[in-house]
Amino acid sequence: MDYEKILCGRIKKVKPSGIRKYFDLLQGMEGGISLGIGEPDFITPWHIRDAGIYSLEKGFTKYSPNAGLSDLRKAISRYLKRRFDLSYEGIGQILVTVGGSEGLDLAFRCILEPGDEVIIPSPSFVCYNPLVSMLHAVPVPVETRAEDEFRLTAEELKAAITPRTKAVVLPFPNNPTGGIMGRADLEALAEVLRGTDIMVVSDEIYCELTYGQHHVSMANIPDMYERTIVVNGFSKAYSMTGWRLGYVCGPQPLIAAMTKLHQYAIMCAPTTSQYAAIEALNNGDGDIEAMKEEYDGRRRFLVDGFRRLGLECFEPRGAFYTFPCIRSTGLTSEEFCDRFLEAEHVAVIPGSAFGPGGEGFVRACYAASMKDLAEALERLEHFLDGLKK
């Protein structure tokens, strides 16, 4: 069989994730430290795990409704109102998905036609461009800058809009930079979008992880609610990555279309995970705050460490990533990461993996123990000293 002829041309053009490479290379390295994978190092809180276990003991192992358990959708509705003043009806405006990633895929597949353009801030998470490209739509990267704290500005958005623009992705708090968008920033973007038919796909998976400032959704901004699709989930806030559960919220006609596609492609999200998520939403606010406080201390420790070693690093105010500039070393992002891993057995991710705006930077995740962060900085100091010789 000639599989090159069988495989879809679009999938052959999609590059493998630049993140997994370093995770795979680190395996088997004695004493390796990973600051690469964006996964909380906390175990899912016990009361949430217990709720999942209890659902199994009670035999709740059947399919749920396609859109998710009604009790879960109602809990999501209450949570969003309580934490972010977002009003979505539990039935009709909320769809439970297999992680936030499925929510993004559904959103793109239900609004994009071939040739449509999607504005995507760069750097940002690796999935947006491939998901758009697989639909014969066109990703339009807009490079954000460290001097703007990697915010998408109104001027940059306006300059990127063409008659073919169908949507803009707002991935804030941002992976990989840790940048956030405040209310004033979003209001400026809203002024550009008013009077157009451009949709906003707002990836808010890190909305609970902001430091010194409360997260604001584009759906909170006047006139933006009806044009915004909010994608969220349980992986980051509740340390539930392996439970694979997310959700998408938006206007009823859009959620109905996404539910129809989800119905055929997925059927429903895992039932056990849904029961655990109900417990997380109803009784997990304290867990969020405890984990966030720990992340905040690590965040400041790592930023201070990079600066002490002579690497410029703006202060990230969201997610659990730092994004130091490594241009002073004379290496590209990938060269830096390859050599650092080989020499010191520490994995960080090249900024270039997240789009053209990431070249000259690396992503270091602080969802790791303070011991590992301190050891990683010591090894970085040794590595940088070696580059000077």
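Just above sits the structure.
Each chain has its residues counted from 1, following the order in which its sequence is written. Since the coordinates come from a predicted model, pLDDT governs what is reported: local features require at least 70, and pairs of side-chain atoms require 80 or more to be given and counted, while whole-chain, interface and lining totals use all residues. Just so you know, side-chain values use all the structure's heavy atoms and leave hydrogens and water out.

Undergrad: Hey, could you go over the overall build of the chain for me, with residue numbers and the actual values?
TA: Of regular secondary structure, the chain possesses 14 helices and 12 strands. Radius of gyration: over C-alpha atoms. The globule rule applied is 2.2 Å multiplied by the number of residues raised to the 0.38 power. By the compact-globule yardstick of 21 Å for 389 residues, the chain fits well, its C-alpha radius of gyration being 21 Å. Viewed in the frame of its principal axes, the chain has a C-alpha envelope of about 65 × 55 × 55 Å. In this scheme, a residue with accessible area under 20% of its type's maximum is buried, one over 50% is exposed, and one in between is partly exposed, where area comes from a 1.4 Å probe on protein chains only. A buried classification covers 54% of the 389 residues belonging to the chain. In what follows, residue pairs with any heavy atoms lying within 4.5 Å of each other are defined as contacts. Counted over contacts in the chain with a minimum sequence separation of 6, partners at least 24 positions apart contribute 75%. By element, 52% of the accessible surface of the chain is carried by carbon and sulfur atoms, the whole surface being about 17000 Å². A gap of 4 Å separates the mean positions of the 42 positive and 52 negative side-chain charges of the chain. Secondary structure is summarised from DSSP: a helix means a run of H or I of at least four residues, a strand means a run of E of at least two, and numbering begins at the N terminus for each. With residues, only the protein chains shown are counted as cover, and all accessible areas are computed by Shrake-Rupley using a 1.4 Å probe. The charge count includes Lys and Arg as positive and Asp and Glu as negative, but it does not include His or the ends of the chains. Lys charges are placed at NZ, Arg charges at CZ, Asp charges at CG and Glu charges at CD.

Undergrad: Kindly report on the packing of aromatic side chains, identifying the contributing residues and their values.
TA: Centre distance within 6.5 Å is the pairing criterion for rings of Phe, Tyr and Trp, where only the six-membered ring of Trp is used; planes under 30 degrees apart are then read as stacked, over 60 as edge-to-face, and the remainder as tilted. Per the counting criterion, the structure on display carries 18 aromatic pairs. Taking 5.2 Å as the distance between ring centres and 55° as the angle between the ring planes, the aromatic pair formed by Phe 150 and Phe 314 counts as tilted. Pair noted here: Phe 150 is in the loop between strand S4 (138-143) and helix H8 (154-160) and Phe 314 is in the loop between helix H12 (285-308) and strand S9 (321-322), with a separation of 164 residues, a long-range link. Each member of the pair, Phe 150 as well as Phe 314, is classed as buried. Judged by centre distance (5.2 Å) and plane angle (40°), the ring pair of Phe 340 and Phe 383 falls under tilted. Of the two residues, Phe 340 sits in helix H13 (residues 333-344) while Phe 383 sits in helix H14 (residues 370-388), which places them 43 residues apart along the sequence. There is no split in this pair, since Phe 340 and Phe 383 are both buried. In this structure an aromatic cluster arises from ring pairing among Phe 42, Tyr 206, Tyr 295, Phe 320 and Tyr 321.

Undergrad: Explain the packing of H13 against H14 residue by residue, including any values.
TA: Axis definition: a line fitted to C-alpha atoms, limited for helices to the stretch in contact. Angles are taken between N-to-C directions and run from 0 to 180 degrees. Closest axis-to-axis distance for the H13/H14 pair is 10 Å, and the angle between their directions is 110°. Compared by their axis directions, H13 and H14 come out roughly perpendicular. Where H13 abuts H14, its residues Phe 336, Arg 339, Phe 340, Ala 343 and Glu 344 lie against Ala 376, Arg 379, Leu 380, His 382, Phe 383, Leu 384 and Leu 387. Think of it as three bins: nonpolar holds Ala, Val, Leu, Ile, Met, Phe, Trp, Tyr, Cys and Pro, charged holds Asp, Glu, Lys and Arg, and polar takes everything else, Gly as well. Residues that form the contact of H13 with H14 fall into these classes: 8 nonpolar, 1 polar and 3 charged. We call two directions roughly parallel when the angle between them is under 35 degrees, roughly antiparallel when it is over 145, roughly perpendicular when it lies between 65 and 115, and oblique otherwise.

Undergrad: Explain unusual backbone geometry to me, and be specific about the residues and the numbers.
TA: Residue Pro 123 follows Ser 122 across a cis peptide bond; omega there is 10°. Relative to the helices and strands, Pro 123 resides in the loop between strand S3 (117-122) and helix H7 (128-133). The amide bond that connects Phe 172 to the next residue, Pro 173, takes the cis arrangement and shows omega of -5°. Turning to its location among the elements, Pro 173 is positioned in the loop between strand S5 (165-170) and helix H9 (183-193). For Phe 150, which is not a glycine, the phi torsion comes out positive at approximately 55°. For Phe 150, a relative accessible area of 1% gives the class buried.

Undergrad: Residue-level account of the nonpolar core, with values.
TA: Nonpolar cores were defined as sets of buried Ala, Val, Leu, Ile, Met, Phe, Trp, Tyr and Cys residues, with membership established by side-chain atoms within 4.5 Å. Counting residues in each nonpolar core, the largest one holds 43 residues, and the members touching the most others are Leu 35, Tyr 295, Phe 306, Phe 320, Phe 336, Val 348 and Leu 380. When residues of this core are traced back to their parent elements, those giving at least two are helix H3 (20-26), H12, H13, strand S10 (346-347), strand S12 (362-365) and H14. Element by element, the count of residues in this core is highest for H14, at 6 residues. Ranked by size, the runner-up nonpolar core spans 30 residues in total, among them Ile 48, Leu 72, Tyr 79 and Leu 80.

Undergrad: How would you sum up the environment of Leu 311? Please name residues and give values.
TA: Mapped onto the fold, Leu 311 is located in the loop between H12 and S9. On the accessibility criterion, Leu 311 (3% relative accessible area) is buried. Distance in space between the C-alpha atoms of Leu 311 and Ala 237 is 29 Å, their sequence separation being 74 residues. When neighbours within four sequence positions are excluded, Leu 311 is seen to be in contact with Phe 306, Cys 325, Ile 326, Ser 328, Thr 329, Leu 380 and Leu 384.

Undergrad: Any details on the sheet that holds strand S6 (residues 199-203)? Residues and values, ideally.
TA: Between any two strands, pairing holds if DSSP finds at least two bridges. Taking strand neighbours across the sheet as the criterion, the 7 strands line up as S2-S8-S7-S6-S5-S3-S4 in an open arrangement whose pairing is mixed. The two strands at the open ends of the sheet, each matched to only one other strand, are strand S2 (94-97) and S4. With strand direction ignored, the average angle separating the axes of adjacent strands in the sheet is 20°. The strands touched by helix H5 (residues 70-84) are S2 and strand S8 (246-249); relative to S2, the strand with the most contacts, the crossing angle is about 115°.

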